[in-house]
Amino acid sequence: MAFSFSHLTSMLALAAGLAVAPMIANAAESEGIVVYNAQHETLTQAWADGFTKETGIKVTIRNGSDMQFANQIIQEGAASPADVYLTENSPGMTLVDSNKLFAPVDAATLAQVPETFKSADGNWVGVAARSTVFAYDKTKLKEADLPKSLLDLADPKWKGRWGASPAGADFQAIVSALLELKGEDATRSWLKAMKTNASFYKGNSVAMKAVNAGEIEGAVIYHYYWFGDQAKTGENSKNVLLHYFKNQDPGAFVSISGGAVLASSQHQKEAQAFLKWITGKSGQAVLRDGDSYEYAVGTGDASNPKLVPIKDLQAPKVEPSKLNSKKVTDLMTEAGLI
């Protein structure tokens, strides 16, 4: 049978197409997932390495801050290149969720985490947690001298004696809890007193160093900064101890680090698998055995044994979806703190 040149060209093109199609599919499968990461870089890298080793799925991490990525995801909308969003605190999660940009978390993943550590709508899930503490100079303060409540730091007697990092997402999450627990008037009053009483630092670790150096007597930070420094040389915390407010006080707030899959992700199966791995036994073991000193949140999963057990923190019950980051920044701006 004779073949025309055009017919032969068509057949070659078809054959080429059949050969290329599997290659394209394989390329798409090997792309892996992109994670917008506001968690600690070393922790997320350990999660990514473990997940990739177990599943073969590549993870590309882009690092930034909670609210930076929250606003970026909202701006990018359906065009976002991200598949997964991880935060240090939950207000960034709430902001993106309110814009309906998350896919529902798989039921099997949600089942791995207690109700306390996930959103009510099931669109994001806790991956780790951190406790609010008052880091104090043990050479200057005795236990009897410590504030019984976070609210006590508004007392004029604490003027010039304590500090915090108000511009950071960590502290703003704490203020979000204060707003939810005590209301707007009490929060506004406390922030106004803070403006008068407190010294301001750029970062929790810097605030802790200031306590250690004797610049201030105490600072409101998260617990793991102290544990992390103690595990190294202890040079920035040798004079510092931690005071846990407990008693469901706003100062006993436990902040949730969240994880979510973007509705726009083109790799839903892989992204959901990553979230399931992090909240599962292998991912939570990274928290237990590693040096992040954040709390594990998986049901029945143990945290690092050096930490005060999470059940003993006596944290207040706060619905994470009600933590209002915009209202908090408005109130803090009004008070002249940011």
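What counts as what
Residues numbered from 1 in each chain as written. Predicted model: local features only at pLDDT ≥ 70, side-chain atom pairs only at ≥ 80, totals over all residues. Heavy atoms only, no water. Helix = DSSP H or I, 4+ residues; strand = E, 2+ residues; numbered from the N terminus. Buried < 20%, exposed > 50% of the residue type's maximum accessible area, 1.4 Å probe, protein only. Contact = heavy atoms within 4.5 Å. Salt bridge = Lys/Arg side-chain N within 4 Å of Asp/Glu carboxyl O. Axes fitted to C-alpha atoms, helices over the stretch in contact; angles between N-to-C directions. Parallel < 35°, antiparallel > 145°, perpendicular 65-115°, else oblique. Nonpolar A, V, L, I, M, F, W, Y, C, P; charged D, E, K, R; others polar.

## Quick look at the environment of Thr60
Phase 1: Tracing the chain through its elements places Thr60 in strand 2 (residues 59–63).
Phase 2: Exposure remark for Thr60: the relative accessible area of 28% places this residue in the partly exposed category.
Phase 3: It is 8.4 Å that separates the C-alpha atoms of Thr60 and Ala48, two residues lying twelve residues apart in sequence.
Phase 4: Discounting residues that sit within four places of it in the chain, Thr60 has contacts with Ile33, Val34 and Val35.

## Focus on the pattern of salt bridges
Phase 1: Scanning the model with the defined rule gives twelve salt bridges in all.
Phase 2: The salt bridge partner of Lys326 is Asp330, with a shortest N-O separation of 3.1 Å. You can see Lys326 and its partner Asp330 sitting in helix 12 (residues 325–334), four residues apart, about one turn around the helix.
Phase 3: By relative accessible area, which is 55% here, Lys326 ends up exposed.
Phase 4: If you follow the salt bridges from partner to partner, you end up with Glu184, Asp185, Arg188, Lys327 and Glu334 in one network.

## Some thoughts on the packing of helix 3 (residues 66–76) against helix 4 (residues 91–98)
Phase 1: Two numbers describe how helix 3 lies on helix 4: the axes approach to 9 Å, and their chain directions differ by 10 degrees. Classed by the angle they form, the pair helix 3 and helix 4 counts as roughly parallel. Of helix 4, the residues touching helix 3 (which contributes Met67, Ala70, Asn71, Ile73 and Ile74) are Gly92, Leu95 and Val96.
Phase 2: For the contact of helix 3 with helix 4, the residue count by class is six nonpolar, two polar and no charged.

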